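The primary structure of each chain is shown beneath.
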Amino acid sequence: MTRHDNCTYENRFKTLAVGAAENATHPDKGGTSDVIPPLHLSTTFEWASADGGNEYAYSREGNPTRAALEEQLARLEGGKHGLAFASGMAAISTTMLSLVPPGGHLVSSDSIYSGTETLLTELVAGYLGVDVEFVDAREPENVAAAVDSETDLIWAETPTNPLIRLCDIRSIADVANDHGVPFGVDSTFASPYFQAPLELGADIAVHSTTKYLNGHSDSTGGAVVTDDDEIFEKLAFSQRTGLGNMLSPFDCYLVARGIKTLPARMEHHEENAMAVARLLEAHDRVARVHYPGLESHPQHDLAVEQMSGYSGMLSFEFDGSLTEIEAFIEGLRIFTPGASLGGVESLVEVPSLMIPDEISHGSATADVPENLVRMSVGIEDVDDLCEDLQSALP
């Protein structure tokens, strides 16, 4: 799959990311000649009569800067509708709370971000009485066996956090279509540049814009893109009125700015991550490397089929004690210990040391090894990154 050369759009992905062609005629520019859509910080817009009505009245309900970003997000995913939220978790929770009624049924992949699992087990199931069923979604047959006529939503994350497992989006989409069930995919680790869930049959694509879309670790946000008009209306109502968890205009501006360099950054992330993955795979203190770009990854063929690149996220299992892992982390000069990902800087996280709940919270993430190290490989000089690892590894 060659996502960045796909000609089903008016322009190719890199042109869409820069946005120049779209911005040139954007109605929100107000007749000015700005190359960049202006930042609208106003919370209130002057009321006008019906004949010359103003599209915007109050920023929670609609803001020109947010509208421009939401259109940009939709174009990147090849969808009709985009929505920008205050965080990735806001995007996920709004999707689930809008589409799954109390007492409903939700089928989720069992390898997911711990925050999503907490949402599902403690709020969606614990407070709303939803029957949440976790399955190993690496096998589409497991999803098919769990879905029935009462299912309200199928949820998957691919690649997954932090085990870098993949779900076959097209096959699960077929299951969803057979049952008339909406299918949502958290595609944060891949970014829209390397994976297109809607093109593969999913109904909803979700991202934490905090990560690769923004790319500079200075904005928290989330996004949902869908082709389905009914789903969009439900989510838009929740975003603007029901829950009111939209992204602020300034954060919209930051994300839109970050998107312009998304293709260049993602290519550099992938190039560096591949070099780091190969270095780790060859090291005698590394038991296993989880990176879909490696032929040793058990789902490498699926990655080749449904992704156009492998992103900058990887994890590996350290052959040693937690004390030795701590010494390894302390020996790094360039990789910064930190819990986020997707920025231009390289980060390293040991879930068992930094976020213990990530491996002990519950059934969905209980199989995260204690010795797992997750890396968000940045865009620094690849030789510096490799030398940093070589000097820190025992």
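Residues numbered from 1 in each chain as written. Predicted model: local features only at pLDDT ≥ 70, side-chain atom pairs only at ≥ 80, totals over all residues. Heavy atoms only, no water.

Focus: the confidence of the model for the protein chain
Item 1. When pLDDT is averaged along the protein chain, the result is 92; 91% of the residues meet or exceed 70.
Item 2. Ignoring residues within four places in sequence, the model shows residues 358–363, a span with pLDDT below 50, making 21 contacts including any to other chains. (pLDDT = per-residue confidence, 0-100. Contact = heavy atoms within 4.5 Å.)

Regarding the sheet that holds strand β11 (residues 347–349)
Item 1. Spatial ordering of the open sheet is given by β8-β9-β12-β11-β10, a layout of five strands whose pairing is mixed. Of all the strands in the sheet, just β8 (286–290) and β10 (336–337) have a single pairing partner and so form its edges.
Item 2. In this structure, β11 lies alongside strand β12 (residues 372–376), joined through three bridges in antiparallel fashion. What sits directly across from Glu349, in β12, is Arg374.
Item 3. Across the sheet, helix α11 (residues 262–281) lies against β8, β9 (313–318) and β12, angled at about 10° from β9, the strand it touches most. (Pairing = 2+ DSSP bridges. Helix = DSSP H or I, 4+ residues; strand = E, 2+ residues; numbered from the N terminus. Axes fitted to C-alpha atoms, helices over the stretch in contact; angles between N-to-C directions.)

Examining the packing of aromatic side chains
Here the distance between the centres and the angle between the planes together describe a pair of aromatic rings.
Item 1. If you walk through the whole model with that rule in mind, you get seven aromatic pairs.
Item 2. Summarising the aromatic geometry, the rings of Phe45 and Tyr56 are spaced 5.9 Å apart at their centres and angled 45° between planes, so their arrangement reads as tilted. Separated by eleven residues along the polypeptide, Phe45 in the loop between α2 (20–23) and α3 (64–77) and Tyr56 in the loop between α2 and α3 bring together distant segments of the chain. Both residues of the pair, Phe45 and Tyr56, belong to the buried class.
Item 3. Among the aromatic residues, those joined into a ring-pair cluster are Phe13, Tyr193 and Phe194. (Phe/Tyr/Trp six-rings, centres within 6.5 Å; stacked < 30°, edge-to-face > 60°. Buried < 20%, exposed > 50% of the residue type's maximum accessible area, 1.4 Å probe, protein only.)

A look at the pairing of strand β3 (residues 131–135)
Item 1. In this structure, strand β2 (residues 105–109) lies alongside β3, joined through five bridges in parallel fashion. Note on β3: the bridge partner recorded for Ser109 is Val135.
Item 2. Taken together, β2, helix α5 (residues 114–125) and β3 form a β-α-β motif whose crossover is right-handed. (Right-handed = clockwise from strand over helix to strand, strands pointing away.)

Some points on the packing of α11 against helix α16 (residues 382–392)
Item 1. Between α11 and α16, whose axes approach to 10 Å, the crossing angle comes to 25°. Here α16 runs roughly parallel to α11, going by the angle between their axes. When you trace α11 past α16, the crossing you get is right-handed. Across the interface between the two elements, Asn272, Ala275, Val276 and Leu279 of α11 pack against Val382, Leu385, Cys386, Leu389 and Gln390 of α16.
Item 2. Split into classes, the residues belonging to the contact of α11 with α16 amount to seven nonpolar, two polar and no charged. (Parallel < 35°, antiparallel > 145°, perpendicular 65-115°, else oblique. Left-handed = near helix turned anticlockwise from the far one by under 90°. Nonpolar A, V, L, I, M, F, W, Y, C, P; charged D, E, K, R; others polar.)

A closer look at empty space enclosed by the protein
Item 1. Following the criterion strictly, the structure yields two cavities of 30 Å³ or more and no others.
Item 2. In this model, the second largest cavity occupies a volume close to 40 Å³.
Item 3. Every residue along the wall of the second largest cavity is listed here: Ser109, Asp110, Ser111, Asp136, Ala137, Arg138, Thr160, Arg165 and Cys167. (1 Å grid on protein atoms, 1.4 Å probe; cavity = no way out; pocket = protein on both sides within 12 Å on 5 of 7 lines; lining within 4 Å. Points joined across faces, edges and corners; volume = space filled by probe spheres on them.)

Some points on the sheet that holds β2
Item 1. One open sheet holds the seven strands; their spatial order is β1-β7-β6-β5-β4-β2-β3, and the pairing between them is mixed. At either margin of the open sheet sits one strand with a lone partner, and together these are β1 (81–85) and β3. Here the average twist between neighbouring strands, direction ignored, is 20°.
Item 2. Direction of pairing for β2 relative to strand β4 (residues 151–157): parallel, over a ladder of four bridges. Bridge pairing in β4 links Val107 to Ile154.
Item 3. Against the sheet, α5 makes contact with β2, β3 and β4, and its axis sits at roughly 150° relative to β3, the strand it touches most.
Item 4. Each of β1, β6 (204–208) and β7 (222–226) is contacted by helix α9 (residues 229–242), which is oriented at about 25° to β1, the strand it contacts most.

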